Amino acid sequence: MAILPILLYPDERLKQISAPVACVDETVTGLIDDLLETLYDSPGCVGIAAPQVGALVRLVIIDASRNAKAGPNQGRMILINPEIIHSVGEVMAREGCLSLPHLTANVKRAQHIKVRALNERGETWQFDASDFEARVVLHERDHLDGLLFLDRVASLKTDVFRRKRYVGGEEKTNSKA
Ligand code: NI
């Protein structure tokens, strides 16, 4: 296992469309281990997508439970080739990103989603997510299509904010994904 360096905006690799995982083999499970270690090494990090470490494959890990204000959530989830098969509602909320460490933004996301993905054993599964957890899934899935929250904001002038309160190099309240 290894903590991997995070690509930062405007790295061109963050704009690429990632390829589906064809087979959950040792390379993929090794990448999952590294992504887990990288996620849990970063305070406040609730999600990470493989392209953020330069691996252009459709794999994300989320853990909404790392945010005390997350509300109902399912904790750690490993999503391979995730698809949003249903979405309902719309909520505006602030989000952050490991690849844009000095910014947050107000982004509209669906309130409730149904997701289909493979797990780390290559089995298909489905789950429902709402509110904060749904936002994390949608944010990470965007990374697989080369999209950052800057691509989702209504206005770069009024909906994007510099992080202000830093404690030991990390801002205290807003989580990152
Ligand atoms: Ni992100």
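Here, the structure is the one placed above.
Residues numbered from 1 in each chain as written. Predicted model: local features only at pLDDT ≥ 70, side-chain atom pairs only at ≥ 80, totals over all residues. Heavy atoms only, no water.

Q: Can you help me understand the sheet that holds strand β4 (residues 91–97) in this one?
A: Sheets are built from strands that pair by backbone hydrogen bonding, the pairs being arranged parallel or antiparallel. Pairing in this open sheet of three strands is antiparallel, and the strands run β4-β5-β8 from one edge to the other. Looking at the sheet topology across the chains shown, the edges are occupied by β4 and β8 (160–162). The sheet shows a mean angle of 25° between the axes of neighbouring strands, taken without regard to direction. As paired strands, strand β5 (residues 100–109) and β8 are joined by three bridges and run antiparallel to one another. Bridge pairing links Ala 105 to Val 160 in β8. Relative to β4, helix α2 (residues 131–144) is tilted by about 55°, and along the sheet it contacts β4 and β5. (Pairing = 2+ DSSP bridges. Helix = DSSP H or I, 4+ residues; strand = E, 2+ residues; numbered from the N terminus. Axes fitted to C-alpha atoms, helices over the stretch in contact; angles between N-to-C directions. Contact = heavy atoms within 4.5 Å.)

Q: Just to check I follow, could you spell out α2 for this structure?
A: Residues separated by three or four positions in an α-helix point in the same direction, a consequence of the helix having 3.6 residues per turn. Given a rise of 1.5 Å per residue, 14 residues ought to cover 20 Å, and the 21 Å separating the end C-alpha atoms of α2 matches this to within 8%. The buried count for α2 comes to 12 of 14 residues, which makes it a mostly enclosed element. With its phi angle positive at about 75°, Gly 146 sits one or two positions after the end of α2. (Expected span 1.5 Å × (residues − 1). Buried < 20%, exposed > 50% of the residue type's maximum accessible area, 1.4 Å probe, protein only.)

Q: I tried to follow the side chain of Asn 119 on my own but got confused; where do I start?
A: When you line up the elements, Asn 119 lands in the loop between β6 (112–118) and β7 (124–130). Within the local environment of Asn 119, its side chain forms a polar contact with the backbone nitrogen of Arg 121, the two atoms lying 2.9 Å apart. (Polar contact = N/O pair within 3.5 Å; in protein donor to acceptor, adjacent residues only side chain to side chain.)

Q: It is not clear to me how the sheet that holds strand β3 (residues 76–88) should be interpreted in this structure. Could you clarify?
A: Ordered by their spatial adjacency, five strands build an open sheet running β1-β2-β3-β6-β7, and the pairing between neighbours is antiparallel. One side of each edge strand has no neighbouring strand; the edge strands of this open sheet are β1 (47–49) and β7. Between one strand and the next, the sheet's axes are offset by a mean angle of 40°, whatever the strand orientation. Helix-sheet contacts for helix α1 (residues 26–41) involve β1, β2 (59–63) and β3, and the interaxial angle to β2 is about 35°.

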